[in-house]
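Architecture at a glance
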Amino acid sequence: MTDIPIGLDATGNRSEFDSMGNVDVPADKYWGAQTQRSLQHFSIGNDRMPKAVYHAYGVVKKACALVNASAGRLPQWKSEAIVQAADEAIAGKLDEHFPLYVWQTGSGTQSNMNVNEVLSNRAIQLLGGTLGSQQPVGPNDDVNMGQSSNDSFPTAMHIAAVTLIDERLVPELNRLAETIEKKAEGWMDVIKVGRTHLEDATPLSVGQEWSGWAAQIRRCSAEIEHSREGLYELALGGTAVGTGLNAPSGFSVHIAAKIAELTGKPFVTAPNKFMAQGSLDAMVRASAALRGAAVALMKIANDMRWLASGPRCGFGELQLPANEPGSSIMPGKVNPTQCEAMVMISIQVIGDDTAIAFAGSQGNFELNAMRPIIINNFLHSATILADGCEKFRTYSVEGTELNREKIQSYLDNNLMLVTALSPVIGYQNAAHIAEDAQATGSTLKAAALKSGKISEQDYDRIIVPKDMVGDGVAGA
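What counts as what
Residues numbered from 1 in each chain as written. Predicted model: local features only at pLDDT ≥ 70, side-chain atom pairs only at ≥ 80, totals over all residues. Heavy atoms only, no water. Helix = DSSP H or I, 4+ residues; strand = E, 2+ residues; numbered from the N terminus. Rg over C-alpha atoms; globule rule 2.2 N^0.38 Å. Buried < 20%, exposed > 50% of the residue type's maximum accessible area, 1.4 Å probe, protein only. Contact = heavy atoms within 4.5 Å. Areas by Shrake-Rupley, 256 points an atom, 1.4 Å probe, with all protein chains shown as cover. Domains from an automatic or database assignment. Axes fitted to C-alpha atoms, helices over the stretch in contact; angles between N-to-C directions. Parallel < 35°, antiparallel > 145°, perpendicular 65-115°, else oblique. Left-handed = near helix turned anticlockwise from the far one by under 90°. Nonpolar A, V, L, I, M, F, W, Y, C, P; charged D, E, K, R; others polar. UniProt positions renumbered as here; feature names shortened; annotations may be inferred. Polar contact = N/O pair within 3.5 Å; in protein donor to acceptor, adjacent residues only side chain to side chain. Salt bridge = Lys/Arg side-chain N within 4 Å of Asp/Glu carboxyl O. Pairing = 2+ DSSP bridges. Core = buried A, V, L, I, M, F, W, Y, C linked by side-chain atoms within 4.5 Å.

The subject of this paragraph is the overall build of the protein chain. When helices and strands are counted, the protein chain shows 17 helices and 10 strands. Relative to the globule expectation of 23 Å for 476 residues, the C-alpha radius of gyration of the protein chain, 30 Å, shows a markedly less compact shape. In terms of principal-axis extent, the alpha carbons of the protein chain reach across some 100 × 55 × 35 Å. Across the 476 residues that make up the protein chain, the buried fraction comes to 50%. Considering only intrachain contacts with a sequence separation of at least 6, the fraction spanning at least 24 residues in the protein chain is 72%. Surface summary for the protein chain: the accessible area is close to 21600 Å², and the carbon and sulfur share equals 53%.

Moving on: the domain arrangement of the protein chain. Taken domain by domain, the protein chain comprises domain 1 (13-145), domain 2 (152-405) and domain 3 (414-467). A separation of 76 Å is found between the C-alpha centroids of domain 1 and domain 3.

It is at 11 Å that the axes of helix α10 (residues 281-307) and helix α12 (residues 371-397) come closest, and there the two elements cross at 25°. Classified by the angle between their axes, α10 and α12 sit roughly parallel to one another. Taken as a pair, α10 and α12 cross one another with a handedness that is left-handed. Facing α10, whose interface residues are M283, A286, S287, L290, A294, L297, I300, A301 and M304, α12 presents I374, I375, F378, S381, A382, L385, C389, F392, S396 and V397. A class-by-class count of the residues in the contact of α10 with α12 yields 16 nonpolar, 3 polar and no charged.

As a further point, take the UniProt feature "binding site: substrate" (unreviewed entry) in the protein chain. Within this numbering scheme, the UniProt entry marks S107, G108, T109, S148, S149, N150, T196, S328, K333, V334 and N335 as carrying the feature "binding site: substrate" (unreviewed entry). Spanning 229 residues, the annotated positions stay apart in the fold, the maximum distance between their C-alpha atoms being 57.7 Å. Along the polypeptide, S148 turns up in the loop between α5 (139-143) and α6 (149-186). Excluding anything up to four places from it in sequence, S148 contacts N112, T239 and A240. Only 2.9 Å separates the side chain of S148 from the backbone nitrogen of N150, close enough to count as a polar contact. Structurally, N335 is set in the loop between β7 (318-319) and α11 (337-360). Residues contacting N335, with those up to four places away along its chain left out, are G326 and E340.

According to UniProt, the positions carrying the feature "domain: Fumarase C C-terminal" (unreviewed entry) are residues 417-469. Within residues 417-469, the helical portion is 62% and the strand portion 0%, while the C-alpha atoms at the span's ends are 11 Å from each other.

The next point concerns unusual backbone geometry. For residues other than glycine, phi is negative in most cases, and the peptide bonds are mostly trans. A cis amide bond, omega 5°, links Q135 with the succeeding residue P136. Structurally, P136 is set in the loop between α4 (109-126) and α5. One non-glycine residue, H197, adopts positive backbone phi at about 60°. Assignment of secondary structure puts H197 in the loop between β3 (191-196) and β4 (199-205). For H197, a relative accessible area of 77% corresponds to the exposed category. With a phi angle near 55°, F365 is a residue other than glycine that sits in the positive phi range.

Once their charged atoms are close, side chains differing in charge can pair, the charge on each being opposite to the other. This model, assessed by the stated rule, comprises 30 salt bridges. A salt bridge links K29 to E96, with the shortest nitrogen-to-oxygen separation between them at 3.8 Å. Note that K29 is positioned in the loop between β2 (21-26) and α1 (33-41) and E96 in the loop between α3 (76-90) and α4, a separation of 67 residues in sequence. Looking at K29, the relative accessible area reads 16%, which means it is buried. Linked by salt bridges that have partners in common, R168, E172, R175, D387, E390, K391, R393 and E398 make up one network.

The next thing to look at is the environment of I425. By secondary structure assignment, the location of I425 is in helix α14 (residues 422-425). When its relative accessible area of 12% is taken as the criterion, I425 is described as buried. Sequence spacing of I425 and T239 is 186 residues, and the spatial spacing of their C-alpha atoms is 75 Å. Apart from the residues lying within four places of it in its own chain, the contact partners of I425 are A430, I433, K453 and I454.

Summarising the element assignment, D18 is placed in strand β1 (residues 13-18). When its relative accessible area of 14% is taken as the criterion, D18 is described as buried. A distance of 2.7 Å separates the side chain of D18 from the side chain of R37, its partner in a polar contact. For D18, the contacting residues outside a window of four places in its chain are A33, Q34 and R37.

Attention now goes to the pairing of β1. With burial as the criterion, only one face of β1 is covered, namely that bearing R14, E16 and D18; the residues N13, S15 and F17 on the opposite face remain uncovered. Examined bridge by bridge, β1 and β2 share 6 bridges and lie antiparallel to one another. Residue pairing for β2: D18 is matched across the bridge by G21. Count of turn residues in the β1/β2 antiparallel hairpin: 2 residues.

Looking now at the nonpolar core. Ranked by internal contacts, the top residues of the largest apolar core, which has 109 residues, are W210, I224, I259, M304, F378 and F392. Here the element with the most residues in this core is α6; it accounts for 16 residues. Split by domain, this core shows at least three residues from each of two domains, domain 1 (13-145) and domain 2 (152-405). Ignoring sequence-local partners within four residues, the contact set of F392 consists of L176, I300, A301, M304, Q338, C339, M342 and V397. Judged by nonpolar contacts, the second largest core, of 20 residues, contains L415, L421, A437 and A448.

This is the structure:
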């Protein structure tokens, strides 16, 4: 990449312009006047627009340059310069030139213009021109040709969301599910106490319990994949309000096809641009799928940390890996840190989704102008879910072992084994046996024989925990 000239004036700035006049910008940055205005007016907090949005925007601008050139609307030499600059944006080479905050105009116009200005100046540089001149490549007339922020920003949102789902989130969910499934397969013959309402229940195997967790994750992964269907529909071509003004005939179809070609994903033009631009329903539905995964992962992480509680005074059925000291004051204490992190991630994702749903409800007339918060929260959720699944799998699930002695001791003392006697002696008689055993502290067998309702031979034949677990698949 050619170096950007520095120190074009005594302050290290250069002059850029837009329709409102001239603005000084840092000489070593590619952005222009509108980006600089946004930095001045919207320096709110520390939340920057995710770089994934800009990488996706690079795909949008590259596709538009290619389609516009092939139709003769953009000279080939201009298109090639824009495409080279867009490729650099896609690869992350221009990340430092995309500084804007999430909290900006709700249409994403300032981020769109940030991209237009950066690609324009980089293309000008490649062509030997002067930065800030907007010649021979203009940010609005050339890089933004046939586009509006109102149709290009939601298109970039969809590309960024689908890319993260495909490349990180779904693979990590599936790897976690696979690891849990392998654990389940190895523990199918280990019988344990089941628990419902936090109370003792009839037995199942450890493998069955874990298979339920894996099935939850598999279903969540499938739901997330299904949610992509709405994200494949692109708003680009609708321009300002969905009518396609200033975009040539057929542009929406051609541009969606080009984006599909560039990404290898089945993007298509949205059949109704008024829906695509007036709402962000597809993002809301996709976020709901992320929330579903968070709910499942929270249940699994909570189950694991409860089952591992102890080591002496808790359930103690699971032994989690000891990754780091757990206390600054209590020597030897080890905590279920990965489980706790997953619970916090899940809480955050549920919060992100609440904001997305609220923002999604705020579409007014032909535009939903709450886009930055939606894509920021969505990408945040998908990223921490993916990263969390990787760490949870690597540093907790893979190294988890069973305390078989503890599991067996709980099973031996489980009064709910009496359930198997109900078909033989009746529910009420079985209930009285369990109640007597609990009241007197005796074993279930002693209370059963004391009742006179069952013989020892029949008791030993019926109360066999491994015969009580079925397979859990078709309604055992």
